[in-house]
Amino acid sequence: MKLLISRALALIGFILPLPLLITLCRRFPKLAHMLDMKGDIIVTEANGLRYSINCRSNIDRMLARGDYAKEFNPILSRYLKADCSAIDCGANIGAAGVRMGARMQGKARLVVIEPGPPLVERLRKNLDLNASIKERTLVVNAGVGETPGELYWNPDVANAGNANLLDSSGTRVPITTVDDIVAKNGIMNVGFIKIDVEGMELDVIKGALRVIERDRPVLYYEASLGYEKRIGKKYVLEIEQFLSARGYKIGHWDKQFREIHYPDIRHNLLAVPAEKIN
């Protein structure tokens, strides 16, 4: 029965005009899968940002529903100053990166880092749709970690749109570090780093140590106890210890920064230099 209902809704979604369908999905988020039959579509947000999405992946559905920005926009408003550069590690299709770039002015640079070949292609397309942001953006088609090298990129078959670098085979991709990217490209005044790299967050942070010490950026990173089990170490706890030793407070966003400690964590955490907490 559920399958029949799902197929019926998808058919309705195919028939309805796209603007009406997007309006319905934003008012009734559970209907977002009705967009599946539309294939690649362009959505325009109230702030003028444009995205090319395909609602067969979760992140695309979040963009279609308009709820991707609910937590992220207030965080950017609070912590990403217009004259600061920002780095998006695990940029995927640019849902976060484009949003970060929209806040920038002057000489601020946006760095978006994505190793997955099909994802970086879609990332570039979304930058093309936002020309003023593209002009200040450096796209790095690689993974990031603690040290340079190579790893294997694999899409997540259970979660369309996601991928990881944890397996011993797959598509070979180069690995670099945030510090190397920043040094080689003269990126200055980094104020914000977003990290969503499916269990490699600690490696990325260690590979950004020079930037962390030089610019004291706010970090917004994924913290998954599921990936802790998969890789066999408490990397979320290690991140807290590593950053706390360098004067950072760990917390989450709930209309304001609220400090918390492992194992009482949220899926996405903030690391804020103590001197930047009001």
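Now for a look at the structure at hand. (Residues numbered from 1 in each chain as written. Predicted model: local features only at pLDDT ≥ 70, side-chain atom pairs only at ≥ 80, totals over all residues. Heavy atoms only, no water.)

1. Concerning the layout of surface pockets
Okay, step 1: Roughly 770 Å³ of volume is contained in the largest pocket.
Okay, step 2: Lining the largest pocket are 38 residues; nearest its centre among them are Ile59, Asn162, Lys194, Asp196 and Glu198.
Okay, step 3: At the level of elements, α3 (58-65), α4 (69-79), β6 (143-144), β8 (163-167), β10 (190-195) and β11 (218-222) are the ones that each hand at least two residues to the lining of the largest pocket.
Okay, step 4: Partitioned by chemical class, the residues of the lining of the largest pocket number 20 nonpolar, 10 polar and eight charged.
Okay, step 5: A volume near 160 Å³ is recorded for the second largest pocket.
Okay, step 6: If you trace the second largest pocket, you find it lined by Arg78, Tyr79, Lys81, Cys84, Asn189, Val190, Gly191, Asp215, Val218 and Lys276. (1 Å grid on protein atoms, 1.4 Å probe; cavity = no way out; pocket = protein on both sides within 12 Å on 5 of 7 lines; lining within 4 Å. Points joined across faces, edges and corners; volume = space filled by probe spheres on them. Helix = DSSP H or I, 4+ residues; strand = E, 2+ residues; numbered from the N terminus. Nonpolar A, V, L, I, M, F, W, Y, C, P; charged D, E, K, R; others polar.)

2. Notes on the sheet that holds strand β14 (residues 268-273)
By definition, the strands of a sheet pair up through backbone hydrogen bonds, in either a parallel or an antiparallel sense.
Okay, step 1: Strand order in the open sheet made by the eight strands is β5-β4-β3-β10-β11-β14-β12-β13, with mixed pairing throughout. In this open sheet, the two edge strands, each paired with only one partner strand, are β5 (137-140) and β13 (257-259). Sheet twist, expressed as the mean angle between neighbouring strand axes with direction ignored, is 25°.
Okay, step 2: In terms of strand pairing, strand β12 (residues 248-253) meets β14 through four bridges, oriented antiparallel. Its bridge partner being in β14, Lys249 is matched across the sheet by Val272.
Okay, step 3: Relative to the sheet, helix α6 (residues 117-128) contacts β4 (110-113) and β5, its axis offset from that of β5 by approximately 170°. (Pairing = 2+ DSSP bridges. Axes fitted to C-alpha atoms, helices over the stretch in contact; angles between N-to-C directions. Contact = heavy atoms within 4.5 Å.)

3. Here we look at the environment of Gly48
Okay, step 1: Relative to the elements of secondary structure, Gly48 occurs in the loop between β1 (40-44) and β2 (50-54).
Okay, step 2: Residue class for Gly48 comes out partly exposed when judged on its relative accessible area of 42%.
Okay, step 3: Sequence separation between Gly48 and Ala102 is 54 residues, and the spatial gap between their C-alpha atoms is 9.6 Å. (Buried < 20%, exposed > 50% of the residue type's maximum accessible area, 1.4 Å probe, protein only.)

4. Some thoughts on the nonpolar core
Okay, step 1: Membership of the largest hydrophobic core comes to 85 residues, with the highest contact counts inside it found for Cys89, Phe192 and Leu243.
Okay, step 2: When residues no more than four places from it in sequence are discounted, the contact partners of Leu243 are Ile205, Ile212, Leu219, Tyr248, Ile250 and Ala271. (Core = buried A, V, L, I, M, F, W, Y, C linked by side-chain atoms within 4.5 Å.)

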